[in-house]
Amino acid sequence: GVKPISDLVRKHGMKFGLWSAPIMAHTESNLTKQHPEYLVKYADGSGKPLWDGTSAHCFSGDYAKRFTQTLLGLVDELNLGYVKIDGGLFVDECVVEAHGHPKGHSEAAQVAAWANLCESLRKAKPGIIISRGWEGEPGLTAYQDSGWFGDWAVAFRPEREADRRLVAFVAR
């Protein structure tokens, strides 16, 4: 398992961390196969394919609770000092009401679940460093300690950004 690596890293005075992307999983993953109810679904019944064979998961409701509890368990078990959580680009317009959001309006619930995840991590492990990827929007950055923009040029798509002022600035 990973525990011996975590112990060795901390023995050398460093923080051990994990990376995860709760907004997506490969279509052939155990998560997607065992819990298709976590997938984003549109009114026409289609899902949201992302990239490299992954599909979008709606980070709200039972899925967000399960992810949060799993990560909190790993924080405790591995004595994590750092988590890198790619969790932006929350997909709106999901119609699965069992996810705990109004039909067709899923982004706000996912942002609230992200805030809850970060608050839960900080309560469980004061001082933990929470990092987020390039997709962090201004409303979410208050919950993270760092972010990175290494793949911004590859992933940035102006048509999906809500703030046109940002699009105009970045596109220059």
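Residues numbered from 1 in each chain as written. Predicted model: local features only at pLDDT ≥ 70, side-chain atom pairs only at ≥ 80, totals over all residues. Heavy atoms only, no water.

K.L.:
Is there a simple way to explain the side chain of His 57 in this structure?
P.N.:
Checked against the element boundaries, His 57 lands in the loop between β3 (54-56) and α3 (61-78). One polar contact links the side chain of His 57 to the main-chain carbonyl oxygen of Ser 55, over a distance of 3.2 Å. Those residues within four positions of His 57 in sequence are excluded, and the remaining contacts are Pro 22, Ile 23, Met 24, Ala 25, Leu 31, Thr 32, Tyr 38, Leu 39, Val 40, Tyr 63 and Gln 110. (Helix = DSSP H or I, 4+ residues; strand = E, 2+ residues; numbered from the N terminus. Polar contact = N/O pair within 3.5 Å; in protein donor to acceptor, adjacent residues only side chain to side chain. Contact = heavy atoms within 4.5 Å.)

K.L.:
How should the pattern of salt bridges be read in this particular structure?
P.N.:
Taken as a whole and judged by the stated rule, the model has three salt bridges. Of the charged contacts in the structure, one is a salt bridge between Glu 28 and Lys 33, with a shortest N-O distance of 3.1 Å. For the residue pair Glu 28 and Lys 33, the accessibility class agrees, reading exposed in each case. The structure contains a network of salt bridges with shared partners spanning Lys 3, Asp 7 and Arg 10. (Salt bridge = Lys/Arg side-chain N within 4 Å of Asp/Glu carboxyl O. Buried < 20%, exposed > 50% of the residue type's maximum accessible area, 1.4 Å probe, protein only.)

K.L.:
Can you help me understand unusual backbone geometry in this one?
P.N.:
Trans peptide bonds make up most of the peptide bonds, and negative phi angles are found at most residues other than glycine. In this structure, Asn 79 takes a positive phi of about 50° despite not being glycine. When you line up the elements, Asn 79 lands in the loop between α3 and β4 (82-85). The residue Glu 93 is not glycine, and still its phi comes out positive at about 80°. One can find Glu 93 in the loop between β4 and α4 (107-124).

K.L.:
I keep staring at the packing of aromatic side chains and nothing clicks. Help me out?
P.N.:
What describes a pair of aromatic rings is the distance from one ring centre to the other and the angle between the planes of the rings. This structure, assessed with the given rule, holds three aromatic pairs. Ring geometry for Tyr 38 against Tyr 63: centres 4.9 Å apart, planes inclined by 35°, an arrangement best described as tilted. Residue Tyr 38 is found in the loop between α2 (30-34) and β3, and its partner Tyr 63 is found in helix α3; the two are separated by 25 residues along the sequence. Comparing Tyr 38 with Tyr 63, the two get one shared label, buried. Where Phe 59 meets Phe 67, the ring centres are 5.7 Å apart and the plane angle is 80°; that geometry is what we call edge-to-face. (Phe/Tyr/Trp six-rings, centres within 6.5 Å; stacked < 30°, edge-to-face > 60°.)

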